[in-house]
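# A look at the structure
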Amino acid sequence: MIVIERDTVLSDVIAILEELMGDWERPEDIREDSLILEELGLESIDAVALGTEIEEKYQRTLPFAQFLVELQAQERRDFTVGQLVDFVTRALSADDAAEAP
Amino acid sequence: MRKVLAQGVNLHYQQHGLGSDVILVHGVFSNLSYWLLSVLPKLVNRHRVTIYDLRGHGFSDVTPTGYTSGEMAEDLRGLMEGLGIERAHVVGHSFGGAIALHYAVRYPGRVRSLVIADSAVPALRPYSSIANWAGYSELQKLVEPYGVELPEDPDRWDLAEVLPQLSKLPTFVGLRQGLPRQDRRMRRLVANTTCLDDLQAVDDMTEDRIRAVTAPTLALYSDRSPFIGVCRYLEEHLPYCRSFIESEGDHFFPAIAPEALANLMLEYFASIESQRTW
């Protein structure tokens, strides 16, 4: 059974963000509490690519649509790097749990 | 992230679903998320849907030139060849529709059907009747609170002057809805490429060649569209064209009313494929 450490997911997600944002001007470093849309300034297409790259990294389809639905249900429109990492870590662990013999 | 090389340009794309091929082409300043977050999920049970970022947009290569409908029709040809798609229903929103139409002009055998959604077409500018744009005063009222001033005569719009003002508007669709606009890609496109000029190029997509398009065509326009005259022209002059006027939403109705659009497209594609007259 693969154990996905949250810290690993955090550094992976930050690395993916760094690459996606490339040479865009950014106001600050990417931190766990950085808001993806308002602070890091991602557009829809960037968020779509972020999701795709995370799935590529872990070779898993992840329920991002559900993540967005949950955001809306909580009347939030933005999310932090940390919240995304929590979601990915949970989803990956759930996958692994489902696949354990 | 998947990319295919077309005409030396890396085009970012995604493909979803199973079934006959549908290609969705976004408009200028947009990207593939326009479709991904709206109609695409509703099409994938019946079609294999390909969406991509036009050159200069999203995650595709930004080239200094090549933004005419003709050049981007060649990009589309390269994309389809690269992905092994021989023939497809081709859907274009806004300038994406001009690209789709240009593709049908040049490669009729590769187009199963066309959907032209609220598109301006360079050669048909005299017919767009922008001066009679029914939705213009609504638009002026919408943007005024944000300090955006639009010229009284919409036919005299200079995109290079109007577009920078649009940055004052919040985002209306997508994940950033309600948040300040992220316009870095638009600014880059305007500053570093010939895109704005290229939008006007007629090239070989002349009126005569447009009238000769035999692909079944659905012209889908908002009743508040600045380009409604183009819709009427297409319906009148293309041999196999019918129109549908959308009364919910405006130029951006694909994102505003995706369910209705998706159902219409599914029905349209099904009728083409069963060769029912409609």
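These lines cover the structure that appears in this document, whether it is placed above or below. Quick caveat: nothing in here was measured; it's all calculated off a predicted structure. (Residues numbered from 1 in each chain as written. Chains lettered and ligands numbered in written order. Predicted model: local features only at pLDDT ≥ 70, side-chain atom pairs only at ≥ 80, totals over all residues. Heavy atoms only, no water.)

## Considerations on the overall build of chain B
Counting its regular elements, chain B contains 12 helices and eight strands. For a compact globule of 278 residues, the expected C-alpha radius of gyration is about 19 Å, and chain B comes in at 18 Å, within 12% of that figure. If one aligns the C-alpha atoms of chain B with their principal axes, the spans along those axes are about 50 × 40 × 35 Å. Here chain B holds 278 residues, and the buried ones make up 55% of them. Long-range pairs, those at least 24 residues apart, make up 71% of the contacts in chain B with a sequence separation of at least 6. Summed over all atoms, the accessible surface of chain B reaches about 11900 Å², with 48% contributed by carbon and sulfur. Each charge class in chain B can be summarised by its mean position, and for the 27 positive and 33 negative side chains these summaries are 6 Å apart. (Helix = DSSP H or I, 4+ residues; strand = E, 2+ residues; numbered from the N terminus. Rg over C-alpha atoms; globule rule 2.2 N^0.38 Å. Buried < 20%, exposed > 50% of the residue type's maximum accessible area, 1.4 Å probe, protein only. Contact = heavy atoms within 4.5 Å. Areas by Shrake-Rupley, 256 points an atom, 1.4 Å probe, with all protein chains shown as cover. Lys, Arg positive; Asp, Glu negative; His and termini not counted. Charge placed at Lys NZ, Arg CZ, Asp CG, Glu CD.)

## Overview of the pairing of strand β6 (residues 111-117) of chain B
All names here are of chain B. With six of its seven residues buried, β6 lies for the most part within the structure. Where strand β5 (residues 88-93) meets β6, six bridges bridge the pair, whose relative direction is parallel. Paired with G92 across the strands is I116, a residue of β6. Note on the crossover from β5 through helix α4 (residues 95-106) to β6: the handedness is right-handed. Where β6 meets strand β7 (residues 217-222), four bridges bridge the pair, whose relative direction is parallel. Along β7, the bridge assignment pairs I116 with A219. (Pairing = 2+ DSSP bridges. Right-handed = clockwise from strand over helix to strand, strands pointing away.)

## Focus on the interface of chain B and chain A
Counting residues at the interface gives 21 residues for chain B, matched by 20 residues for chain A. With both sides pooled, the region where chain B packs onto chain A buries about 1900 Å², and carbon together with sulfur makes up 60% of that total. The largest contributions to the chain B side of the interface with chain A come from M1, L175 and R184 of chain B, which together make up 34% of the buried area. We note a salt bridge from D46 of chain A to R185 of chain B, for which the minimum N-O separation is 2.9 Å. The tally of links from chain B across to chain A stands at nine residue pairs in polar contact (both at pLDDT 80 or more). The leading source of residues in the side of chain B that touches chain A is helix α7 (residues 184-192) of chain B, at three residues. (Buried area = accessible area lost by both parts, 1.4 Å probe. Salt bridge = Lys/Arg side-chain N within 4 Å of Asp/Glu carboxyl O. Polar contact = N/O pair within 3.5 Å; in protein donor to acceptor, adjacent residues only side chain to side chain.)

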